Amino acid sequence: MFQERREKLFESLPEYSISILMAGKASYNIGDETHPFDVNRSFYYLTGLDNENLVLMLVKMGKVNQTILFIEPFDPVMAKWVGGKIMAKEASEISGIKDVRYVEQLKSTIAMYLNNYGKIHQFTLCGELSKQEFDQPWPLADLFNEVRKQYPDVLVKNIFENTARLRMVKEEYEIENMCKAISVTDAGIKAMMTAARDYIWENELEAYFDFVLKSEQCEHAFHTICASGKNATVLHYGKNNQQTKPGDLVLVDLGASHKYYNADISRTFPVNGKFSDRQREIYETVLRANKYVMEIAKPGMTTRELNNKVIEFYQEELPKLGLLKDGKTVRDYYWHGVSHHLGLETHDVSLPDEPLQPGNVITDEPGLYLEEEGIGVRIEDDIMITENGCICLSKDVMKEVADIENFMASR
Ligand SMILES: [Mn+2]
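Residues numbered from 1 in each chain as written. Predicted model: local features only at pLDDT ≥ 70, side-chain atom pairs only at ≥ 80, totals over all residues. Heavy atoms only, no water.

S.K.: Before we go on, may I ask you to explain the coordination of the manganese ion in this structure?
M.R.: Each donor-metal-donor angle in an ideal tetrahedron of four donors is 109.5 degrees, and each such angle in an ideal octahedron of six donors is either 90 or 180 degrees. Within the protein, the manganese ion binds to D264 (OD), H340 (NE2), E365 (OE) and E380 (OE); these donor distances fall in the range 2.1 to 2.4 Å. Read in sequence order, the donor residues coordinating the manganese ion give the pattern D-x75-H-x24-E-x14-E. One end of the pair, H340, is in the loop between helix 11 (303–317) and strand 13 (361–364); the other, E365, is in the loop between strand 13 and strand 14 (367–370), with 25 residues separating them in the sequence. Its relative accessible area of 15% is what places H340 among the buried residues. (Donors = N, O, S within 2.8 Å, 3.2 Å for Na, K, Ca; no water. Helix = DSSP H or I, 4+ residues; strand = E, 2+ residues; numbered from the N terminus. Buried < 20%, exposed > 50% of the residue type's maximum accessible area, 1.4 Å probe, protein only.)

S.K.: Could you clarify how one ought to interpret the sheet that holds strand 17 (residues 390–392) in this entry?
M.R.: In a beta sheet, neighbouring strands pair by backbone hydrogen bonds and run either parallel or antiparallel. Pairing is antiparallel across the open sheet formed by 3 strands, whose spatial order is 13-16-17. Looking at which strands have only one partner, the edges of the open sheet turn out to be strand 13 and strand 17. On average, each strand axis in the sheet is inclined to that of its neighbour by 35°, with strand direction left out of account. (Pairing = 2+ DSSP bridges. Axes fitted to C-alpha atoms, helices over the stretch in contact; angles between N-to-C directions.)

S.K.: Looking at this model, I keep getting lost on the environment of A91. Mind explaining?
M.R.: The residue A91 is located in helix 4 (residues 88–95) in this model. According to the relative accessible area criterion, A91 is buried, its value standing at 0%.

S.K.: Hey, could you run me through the domain arrangement of the protein in this one?
M.R.: A common way to express how large an interface is: the accessible area buried when the components associate. For the protein, the assigned domains read domain 1 (2–167) and domain 2 (169–409). Inter-centroid distance (C-alpha atoms) of domain 1 to domain 2 is 36 Å. Counting residues at the interface gives 13 residues for domain 1, matched by 15 residues for domain 2. For the pair domain 1 and domain 2, the summed buried surface comes to about 1,300 Å²; carbon and sulfur atoms form 49% of the total. Run the count over domain 1 and domain 2 and you get 5 salt bridges. In this structure, R5 engages E174 in a salt bridge whose closest nitrogen and oxygen atoms are separated by 4.0 Å. Seen at the junction of domain 1 and domain 2, the total is 9 residue pairs in polar contact (both at pLDDT 80 or more). No other element matches the 6 residues that helix 7 (residues 160–168) contributes to the side of domain 1 that touches domain 2. Residue classes in the side of domain 1 that touches domain 2 are distributed as 6 nonpolar, no polar and 7 charged. (Domains from an automatic or database assignment. Contact = heavy atoms within 4.5 Å. Buried area = accessible area lost by both parts, 1.4 Å probe. Salt bridge = Lys/Arg side-chain N within 4 Å of Asp/Glu carboxyl O. Polar contact = N/O pair within 3.5 Å; in protein donor to acceptor, adjacent residues only side chain to side chain. Nonpolar A, V, L, I, M, F, W, Y, C, P; charged D, E, K, R; others polar.)

This is the structure we're talking about:
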C-alpha cells in the first residue's frame, strides 16, 4: 500500500528531482519536557512509519526511481531512558523500502546525486510546505539553503499540492479506519449522554468520552470541545471547566483517531435529557440544514458552494425563529464553514476551490449560535462523496430529537 502511494507520487514529480519528506521531531514544552511526538502525516502516508526523526528521500532520475529511508542509529543510553529507536529491518518491513541508511548520510547522499548528474540535468529539490508552515520555520529550509549554496542552479519546489491530491481521495483501507474511529466516537458520545445530569461539570462529561477512547485503544483526533449553555456559542471553546446549569444544552465536538484516521463529530443534547420548546425549534433547524447538505453534496461541487447553500437555507429559515431582526444577518448566528476535508488530519489537506470527487471525505457541520439566549447547536457528520452523491459514514450516531430524548429517558 505504501509503495503504491509512493509510485503515484513519483508520477507527479519533476523528471530529475530529489524529494525529501521528514517525520518531524517533538518540540520542547517546558524545561526538558517535550510535547508528545506526532508524525508528519504525509510522511506517514508514504511510509507507514511513525517514529521521530526519520527522513524519506524519493529520487527521480528520468525514468528511474529510487527510494531511500534514513533512520537514526541505535543509541544504547537513550534506549534505557525512552526505549529503542526503530531498526533498519523493522522499518524496511513496514514501509517496503529496501534501501535504509542513517540520517548522517542525508547530505552526502544529496551531494552524490548532484555531483554526478547535476551537470547534465536540471535538478529540483522538492519538499512539502503546508499552509501552517508558511508563517513558521520550515524544517527543510536550512537543509535546502545549504544545498543551494553549493549548487546554486538547483530549483526548489513545494510539493504540497502533489501529496494533497493523493491524500484527498481516500482508499478503502482509509475509509475502514475512519469508520472504526467514528464507531468509537459514537460509543463515547453515548457514554456522555448516559452520564449527563444537571450540575455535572463539563470536564467530568469529557472524562466519560476519554474513558471509552482509551478502552478502545484509540487516541483523540483533536482537543475535545464540551460546552454547556452560553459556552457553546464560542466556536472553539476548549476549557471544558464550567458546571452545567439545569436545562442547558451541551454541545460536544470530538473525535477518536484510529491508526491515525480521524473522526470529527458534533452532537448537541440537553443535559437533563429533555429539549425545551425553544431549544427544539433551533435544533430542528440545524438538523434540517445538516440533512440538506447531504442531499446536495456530490462530485463537482465545492465546499464553498455547499456553505453558500447553507447560508441561503438559513436566510429563509431564521426569520421563522424570530431572528434576523434589527439588521442582524445569518453570519451573526453562523460564521464558520459547513465543511472541511477529513482524514489523517482533522482539518485534512485540501486545495482551495477544488471540486469534490468520489472518495473525498468531508464534514457536514452546520450550526447556530445564539449568544443572548445561551444556546449553541452544532450537528456534524462525516460524509463520503460517491459517484452521484454522498453517503453518511456517521449515520449511526443518533441525532433525531425523539431518539435523544428516548435514549436519555431510558438510562
Ligand atoms: Mn469539524
